[in-house]
Amino acid sequence: MAHLLMVESWVGSMSRLLPRAILEGGHEFSFLTRDLHHYLRSAPEGTAHPLLAARHVLTADTNDTDTLLPAVERLHGALGFDGVITSCDYYLPTAARIAARLGLPGPAPDAVENACRKDATRRLLSAAGLPGPRFAVCADGVRAAEAAREIGYPLVVKPVDLCAGMFVRRVDDERELKDACRALAEFPVNARGQRRDPVVLLEELLHGPEVSVETVSYDGVTEVIGVTDKSVGGAPAFIETGHMFPAALTPADTEAAGQTALLALKALALDGVVAHTEIKLTADGPRVVEVNPRPAGNRITELVRHVTGIDLAAAGVDLALGHRPDLRGWDTGLRSAAIGFLVPGTNGTLASIGGGDAVRGAPDVLEVQLAEPGRAVRADGSNNTYLGHIMAADTTGPGARDRVAELLSGLRPRVVSH
């Protein structure tokens with residue numbers, strides 16, 4: 001039995017999947033957080049949060065690396081950790097630095113930090129010769145306006161250090177660029193209390209379907225598990241409205257996406273990670289959107305397991321312990337699995353979601369989760385405000401996406417405006 005140190009977590013599906021993978025692997029974990037109530041607030045009423053299955057719940061300022069590293073070193077002397085892990089993007093570099101400080105397995109901290117910074121990723125991919133969008137990193141709105149005129153509209157404005165699509169916007173002119181930059185400037189601290197870097201990344205708008213490549217890297221060798229497709233809505237934002245695994249692509253496009261992801265991981269020197277690399281399939285070939293050095297979120301990890309039997313959360317646990325992951329999988333009987341999210345279109349309070357009982361009883365359904373009445377609804381243009389989701393499968397081919405769309409059309413959310 002191994003003992004892992006889990007440094008913070010997402011509060012969504014990974015807060016359940018990662019503890020389960022650790023325990024199913026015959027291991028245990030201690031949970032390190034700066035604010036336990038952040039997680040307890042997200043647990044369904046009357047249930048224990050999965051993170052409370054930890055052997056120890058430890059409190060420290062996980063945002064202050066300088067004081068955290070020696071503190072964890074002292075904890076390691078008393079408790080003995082065999083690996084360090086997290087599912088939360090904001091703490092991936094911290095977990096890597098702790099592992100390095102303790103002499104435990106893990107990816108190179110600099111590589112993880114570069115992957116978690118969208119500006120550093122762009123620079124490294126460009127230096128490695130990977131074709132990508134024209135881009136500029138701008139310290140303020142004046143420089144952004146100058147760079148935008150050089151690149152040309154339309155553009156995508158991105159924060160360099162946020163995730164879940166927060167504040168990522170398409171802009172078509174200087175006024176929209178100014179508004180986007182102002183909105184970012186008014187968000188100086190992220191949801192975990194970390195001060196943000198105010199620089200802005202501008203990118204040429206890429207056209208074409210978006211996919212993600214799920215990979216596992218160990219001892220210098222990367223295996224492509226498969227390619228997931230993505231549907232996007234909410235313009236001018238980029239909200240993920242659904243996914244299907246495997247993506248319904250031609251063999252040539254599947255191969256091209258996989259090879260592009262491998263090149264990106266090599267350029268970033270990422271090894272010992274489960275990675276989720278987002279790619280646009282443009283008319284000029286695949287172009288990397290971003291590289292995430294952790295298992296895919298938004299339930300993609302579950303879609304992969306439903307179809308292949310491969311547990312990417314468990315693979316992440318194995319890698320944190322320095323073990324070669326078991327990626328053999330099995331025939332689950334499913335040929336595709338998909339998820340569709342119920343995206344709010346207005347602010348207010350959720351009064352009801354009609355049609356839920358019929359959807360839960362429908363054939364091919366794997367999972368249904370719907371928000372409870374009384375919830376505050378925010379249509380803020382990110383992946384953080386879903387009102388629920390439906391997951392369904394197809395045993396014969398790539399029909400899961402269409403099945404989910406059909407089921408979603410039967411839901412009737414009613415939001416009361418304030």
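Preceding block: the structure.
Note that the coordinates shown come from a computational prediction; the quantities given were computed from them, not determined experimentally. (Residues numbered from 1 in each chain as written. Predicted model: local features only at pLDDT ≥ 70, side-chain atom pairs only at ≥ 80, totals over all residues. Heavy atoms only, no water.)

> Tell me about the overall build of the protein chain, and please be specific about residues and values.
Counting secondary structure elements, the protein chain contains 13 helices and 19 strands. In terms of overall dimensions, the protein chain is globule-like: its C-alpha atoms have a radius of gyration of 21 Å, near the 22 Å expected for 418 residues. Across its three principal axes, the protein chain shows a C-alpha extent of roughly 55 × 55 × 50 Å. Sequence separation of 24 or more characterises 69% of the internal contacts of the protein chain that already satisfy a separation of 6 or more. With 41 positive and 52 negative side-chain charges, the protein chain shows a spacing of 3 Å between the two charge centroids. (Helix = DSSP H or I, 4+ residues; strand = E, 2+ residues; numbered from the N terminus. Rg over C-alpha atoms; globule rule 2.2 N^0.38 Å. Contact = heavy atoms within 4.5 Å. Lys, Arg positive; Asp, Glu negative; His and termini not counted. Charge placed at Lys NZ, Arg CZ, Asp CG, Glu CD.)

> How would you summarise a nonpolar patch on the surface if you had to cite specific residues and measurements?
Among the surface-exposed residues, Leu40, Leu52 and Val57 lie close enough to one another that they form a single nonpolar patch of about 210 Å² accessible area. Among the secondary structure elements, Leu40 is positioned in helix H2 (residues 37-40). (Patch = residues over 30% accessible without salt bridge, like charges linked within 9 Å, V, L, I, M, F, W, Y side chains within 5 Å. Areas by Shrake-Rupley, 256 points an atom, 1.4 Å probe, with all protein chains shown as cover. Salt bridge = Lys/Arg side-chain N within 4 Å of Asp/Glu carboxyl O.)

> Explain the pattern of salt bridges to me, using residue names and the numbers behind them.
Following the criterion strictly, the structure yields 36 salt bridges and no others. Across the pair Asp89 and Arg294 runs a salt bridge, and its minimum N-O distance is 3.1 Å. Here Asp89 is found in the loop between strand S4 (83-85) and helix H4 (92-102), whereas its partner Arg294 is found in the loop between strand S13 (285-292) and helix H10 (300-308), with 205 residues between them in sequence. Each member of the pair Asp89 and Arg294 is classed as buried. For the salt bridge of Lys118 with Glu290, the shortest nitrogen-to-oxygen distance reads 4.0 Å. Of this pair, Lys118 sits in helix H6 (residues 118-127) while Glu290 sits in strand S13, and the two are 172 residues apart along the sequence. The network of salt bridges with common partners includes Arg16, Arg299, Glu302 and Glu367. (Buried < 20%, exposed > 50% of the residue type's maximum accessible area, 1.4 Å probe, protein only.)

> Mind laying out the sheet that holds strand S8 (residues 200-204), listing which residues take part and the relevant values?
As summarised here, the arrangement of the 4 strands in space is S5-S8-S6-S7, forming an open sheet in which the pairing is antiparallel. A single partner strand is all that each edge strand has here, and the edge strands are strand S5 (135-138) and strand S7 (169-171). Averaged over all pairs of adjacent strands, the angle between their axes in this sheet comes to 25°, without regard to strand direction. Pairing of strand S6 (residues 155-159) with S8, which is carried by 5 bridges, proceeds in the antiparallel orientation. Residue pairing for S8: Pro159 is matched across the bridge by Val200. (Pairing = 2+ DSSP bridges. Axes fitted to C-alpha atoms, helices over the stretch in contact; angles between N-to-C directions.)

> Please give an account of the sheet that holds strand S9 (residues 210-218) that cites residues and values.
One open sheet holds the 8 strands; their spatial order is S13-S12-S9-S10-S11-S14-S18-S16, and the pairing between them is antiparallel. Edge positions in the open sheet fall to S13 and strand S16 (365-370), since each of these has one partner strand only. The average angle at which neighbouring strand axes cross in this sheet is 25°, direction not considered.

> Tell me what's going on with the environment of Asn190, and back it up with residues and numbers.
Counting through the fold element by element, Asn190 comes out in the loop between helix H8 (174-185) and S8. Between the alpha carbons of Asn190 and Ala21 there is a distance of 28 Å; along the sequence they are 169 residues apart. Every residue in contact with Asn190, bar those within four places of it in the chain, is listed here: Tyr90, Leu162 and Arg196. Engagement of the side chain of Asn190 in a polar contact is seen with the side chain of Gln194, the distance being 2.9 Å. (Polar contact = N/O pair within 3.5 Å; in protein donor to acceptor, adjacent residues only side chain to side chain.)

> Describe the pairing of strand S15 (residues 348-354), and please don't skip the residues or the numbers.
Two strands pair when backbone bridges link them, and S15 and strand S17 (residues 376-377) are joined in this way by 2 bridges, in the antiparallel orientation. Bridge pairing in S17 places Gly348 opposite Val377. Across 5 bridges, S15 lies against strand S19 (residues 412-416) in antiparallel orientation. Residue pairing in the sheet places Ser352 in a bridge with Arg414 of S19.

> Provide a residue-level description of the environment of Leu32, including the pertinent values.
Structurally, Leu32 can be placed in strand S2 (residues 28-33). With 171 residues separating them along the chain, Leu32 and Glu203 place their C-alpha atoms 36 Å apart.

> Give me the packing of helix H7 (residues 141-151) against H8: which residues, what numbers.
For the pair H7 and H8, the least separation of the axes is 10 Å and the interaxial angle reads 140°. For the element pair H7 / H8, the angle class is oblique. Note on packing geometry: the crossing formed by H7 with H8 is right-handed. Every residue of H8 that contacts H7 at Ala144, Ala145, Ala148 and Arg149 is listed here: Glu174, Leu177 and Cys181. Along the lines of polarity and charge, the residues of the contact of H7 with H8 split into 5 nonpolar, no polar and 2 charged. (Parallel < 35°, antiparallel > 145°, perpendicular 65-115°, else oblique. Left-handed = near helix turned anticlockwise from the far one by under 90°. Nonpolar A, V, L, I, M, F, W, Y, C, P; charged D, E, K, R; others polar.)

> I'd like a description of the packing of H4 against helix H5 (residues 109-116), backed by residues and values.
Relative to each other, H4 and H5 sit at 180°, their axes nearing to 8 Å. Judged by the angle between their axes, H4 and H5 are roughly antiparallel. Counting all contacts with H4, which are made through Leu92, Pro93, Ala96, Arg97 and Ala100, the residues of H5 involved are Pro109, Asp110, Val112, Glu113 and Cys116. Taken together, the residues that form the contact of H4 with H5 break down as 7 nonpolar, no polar and 3 charged.

> Hey, could you go over the packing of aromatic side chains for me, with residue numbers and the actual values?
Applying the stated rule across the entire model yields 4 aromatic pairs. Seen in terms of ring centroids, Phe167 and Phe187 are 5.0 Å apart; in terms of plane orientation they differ by 40°. Their pairing is tilted. Of this pair, Phe167 sits in the loop between S6 and S7 while Phe187 sits in the loop between H8 and S8; the two residues are 20 residues apart in sequence, bridging distant segments of the chain. Ring centres of Phe341 and Tyr386 lie 4.1 Å apart, and the angle between their planes is 10°; on these two criteria the pair is classed as stacked. Here Phe341, found in strand S14 (residues 336-341), pairs with Tyr386, found in the loop between S17 and strand S18 (388-394); they are 45 residues apart in sequence, far enough to count as distant. Among the residues examined, Phe341 registers a relative accessible area of 7% and is labelled buried. (Phe/Tyr/Trp six-rings, centres within 6.5 Å; stacked < 30°, edge-to-face > 60°.)

So, to be careful, I would describe these as geometric facts and stop short of saying anything about function.
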